[in-house]
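Each chain, written out:
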Amino acid sequence: MDKFWKQFKSGTDIRGVAVDGVEGEPLNLTDDTVASMAAAFLVWLSQKTGKDVSELKVAVGHDSRISAERIRSAVVNAMVNCGANVLNCGLSSTPAMFMITLDKKCDGSVQITASHHPYHRNGLKFFTPAGGLDGCDIEAILNFCDEGRLPETCDGGRVENIDYMNEYAAHLRDIICREVKSENYEKPLEGFHIVVDAGNGAGGFYAYDVLEPLGADISGSVYLDPNGMFPNHIPNPENKQAMQSICNATLSSKADLGVIFDTDVDRGGAVDNFGAEINRNRLVALASAIALENCPGGTIVTDSTTSAGLKKFIEETLGGVHYRYRRGYRNVINRAVELNEQGVKCPLAIETSGHAALKENYFLDDGAYLVTKIIIKMAQLRAQGKTLAELTADLEEPLEESELRFKIKAEDFREYGEKVLADLEKFANEREDWLIADDNREGLRVSFEDAQGWFLLRLSVHDPIMPLNLESMQEGGCRKIAAKLYEFLKGCDMLDLSAIESYIR
């Protein structure tokens, strides 16, 4: 594939620069480029379904980015000009753009989003009724663009405007009513004060169209209006400023719960009434507790960077099985699907980033659905005189945790990174106090009893980077572990070690 088209592949999405004016990042998601991608998706979809392009029905939605309307127009016009039937959904969450393929019997859908990335970037995410596309599918679509294998223009295509988000919100309301089962069935959230931080993304609907109609007090909610410049904070539950924002909003409103979404609502996070974050490992722990209630002994698939305390909580407190897998939400989800197909009961796939996919919800990573399940559990527990915090009270959390990133300077970065890991494993095996984890499936994870912690060194999924995660239960433990690892790393001449060198000084 020509490197022009190759630059747009970002895992299982297409990403690029959609707004001119940022130094060093020239506009590449032009109208013509986007039109080619949309037409190529029709070719891929036609092959997948066995239908002619003129028979295809495709939904198109977008998040709040300032380039959304321009790109939406390019996508819709390209598809209509190829003869396809298009449902134009306007401002939408990414999970809703999957659900519409089921509810409206669409052959596929396109969500225009770049998740939490800066305002000037955008991209395309594709779905079929079977779920999101994989990396190989994105490559195929971009190859069609590269080879010019696109449908010829023809008459007959049409576009229909539809407000699907109203239906999607009603679906979430119905779930809450059914599962809370309050005396006032239609207002199960009466007496609850829940604030929402949408970060000016597409998640404001959750406050207005899900919580408020069910009786919740949403006063104190912040940044619900869509604004593609994201003037208040990055819409990302992993971002410290974003989490501080929802913590502040929850405490100042004296709310029972605060919830936060990323731009396109496929990720979520929360804070309790004390302003304590329910995020990363604690979010995984809470989601696991909820998922395993109806699947005793089930397997929870997570990414590789989850904490030692989380494993203990899932297996000893909850009685489940913790299955660490590779970073990348599609990797985690796909592995959970595979395990179920093999007969392993697996109700949840979740990354520490906040991507959470439940089997009961088509293994769709849906931040709004995850938050909905948390709110349902909060309401059920209150009826029993209990709180959410009690569910995860036994979770041991690290005293320290850090992430360092090392740039690989070798031209073939993947080959060099794999060699570093192989050499490190040999190095670790030769040392009695280096305990290699036997349940890790990405990179190398090593524990140290004297530092009460571990490190995980891995190779980035897409970039010439080796991330290093560190965790310890003692003060200064992460620095002690990093110093041990540096004795090996200082011999890796094609790694930029400035981050660890400044860290251990």
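Note that the structure is predicted; figures quoted are calculated from it, not measured.

Engineer: Pulling in residues and values, what's your account of the sheet that holds strand 12 (residues 277-278)?
Structural biologist: Strand order in this open sheet of 4 strands is 9-10-11-12, and the pairing throughout is mixed. The open sheet has two edge strands with one neighbour each: strand 9 (194-197) and strand 12. Pairing between strand 11 (residues 268-272) and strand 12: 2 bridges, direction antiparallel. Counterpart to Ala270 in the pairing with strand 12 is Ile278. Lying on the sheet, helix 8 (residues 240-253) is in contact with strand 9, strand 10 (257-261), strand 11 and strand 12; it crosses strand 9 at an angle near 155°.

Engineer: Break down the packing of aromatic side chains for me, citing the residues and quoting the values.
Structural biologist: Under the definition given, this model contains 16 aromatic pairs. Taking 6.2 Å as the distance between ring centres and 85° as the angle between the ring planes, the aromatic pair formed by Phe205 and Tyr206 counts as edge-to-face. A residue is classified by how much of its surface remains accessible, and Phe205, at 8% relative accessible area, is buried. On the basis of an interplanar angle of 45° and a centroid distance of 6.1 Å, the ring pair of Tyr323 and Tyr325 is categorised as tilted.

Engineer: Before we move on, could you go through the nonpolar core and cite the residues and values that matter?
Structural biologist: Core analysis: the largest hydrophobic core is formed by 70 residues, its most contacted members being Phe205, Tyr206 and Leu257. When residues of this core are assigned to their parent elements, the largest contribution, 10 residues, is made by helix 12 (residues 367-383). Filtering out sequence-adjacent residues up to four positions away, Phe205 remains in contact with Ser93, Met165, Tyr168, Ala169, Leu172, Val210, Val265 and Ala368. Core analysis: the next-biggest nonpolar cluster, separate from the first, contains 39 residues, Trp44, Val60, Val76 and Cys145 among them.

Engineer: So what's going on with the sheet that holds strand 13 (residues 299-302)? Which residues, and what values?
Structural biologist: The strands that make up a sheet pair up through hydrogen bonds in the backbone, lying either parallel or antiparallel. Sheet architecture is open: 5 strands sit in the order 14-13-15-16-17, paired in mixed fashion. If you trace the sheet from one side to the other, it starts and ends with strand 14 (321-324) and strand 17 (364-365), each paired once. Sheet topology places strand 13 next to strand 15 (residues 348-350); 3 bridges connect them, and they run parallel. The partner of Val301 across the bridge, within strand 15, is Ala349. Sheet strands touched by helix 10 (residues 308-317): strand 13 and strand 14. Its angle to strand 14, the strand with the most contacts, is close to 145°. Running at roughly 155° to strand 13, helix 11 (residues 329-341) makes contact with strand 13, strand 14, strand 15, strand 16 (356-358) and strand 17 of the sheet.

Engineer: Got a sec to walk through helix 15 (residues 477-489)? Specific residues and values, please.
Structural biologist: In this model helix 15 runs 18 Å from its N-terminal to its C-terminal C-alpha over 13 residues, within 8% of the 18 Å that 1.5 Å per residue would give. Every buried residue belonging to helix 15 is among Gly477, Cys478, Ile481, Ala482, Lys484, Leu485, Tyr486, Phe488 and Leu489, and all of these are buried. On its buried face, helix 15 sits against strand 18 (400-407), helix 14 (413-429), strand 20 (444-448), strand 21 (453-457), strand 22 (465-472) and helix 16 (498-503).

Engineer: So, helix 4 (residues 94-103): which residues are in play, and what are the values?
Structural biologist: Within helix 4, 8 of the 10 residues are buried, which leaves the element mostly enclosed by the surrounding structure. Turning to helix 4, its buried residues number three or more, namely Thr94, Pro95, Ala96, Met97, Phe98, Met99, Ile100 and Thr101. Here helix 4 starts with a cap whose side-chain oxygen sits 3.2 Å from the backbone nitrogen of Ala96, and that cap is Ser93. Backbone geometry just downstream of helix 4 places Lys105 in the positive-phi region, at approximately 50°.

Engineer: Residues and numbers for the environment of Asn184, please.
Structural biologist: Structurally, Asn184 is set in the loop between helix 6 (164-180) and strand 9. Taking the C-alpha atoms as reference points, Asn184 and Pro464, 280 residues apart in sequence, are found 55 Å from one another. In terms of polar contacts, Asn184 uses its side chain to reach the side chain of Glu190, at 3.3 Å.

Thresholds applied
- Residues numbered from 1 in each chain as written.
- Predicted model: local features only at pLDDT ≥ 70, side-chain atom pairs only at ≥ 80, totals over all residues.
- Heavy atoms only, no water.
- Pairing = 2+ DSSP bridges.
- Helix = DSSP H or I, 4+ residues; strand = E, 2+ residues; numbered from the N terminus.
- Contact = heavy atoms within 4.5 Å.
- Axes fitted to C-alpha atoms, helices over the stretch in contact; angles between N-to-C directions.
- Phe/Tyr/Trp six-rings, centres within 6.5 Å; stacked < 30°, edge-to-face > 60°.
- Buried < 20%, exposed > 50% of the residue type's maximum accessible area, 1.4 Å probe, protein only.
- Core = buried A, V, L, I, M, F, W, Y, C linked by side-chain atoms within 4.5 Å.
- Expected span 1.5 Å × (residues − 1).
- Polar contact = N/O pair within 3.5 Å; in protein donor to acceptor, adjacent residues only side chain to side chain.

Nothing here speaks to function; it is all geometry.
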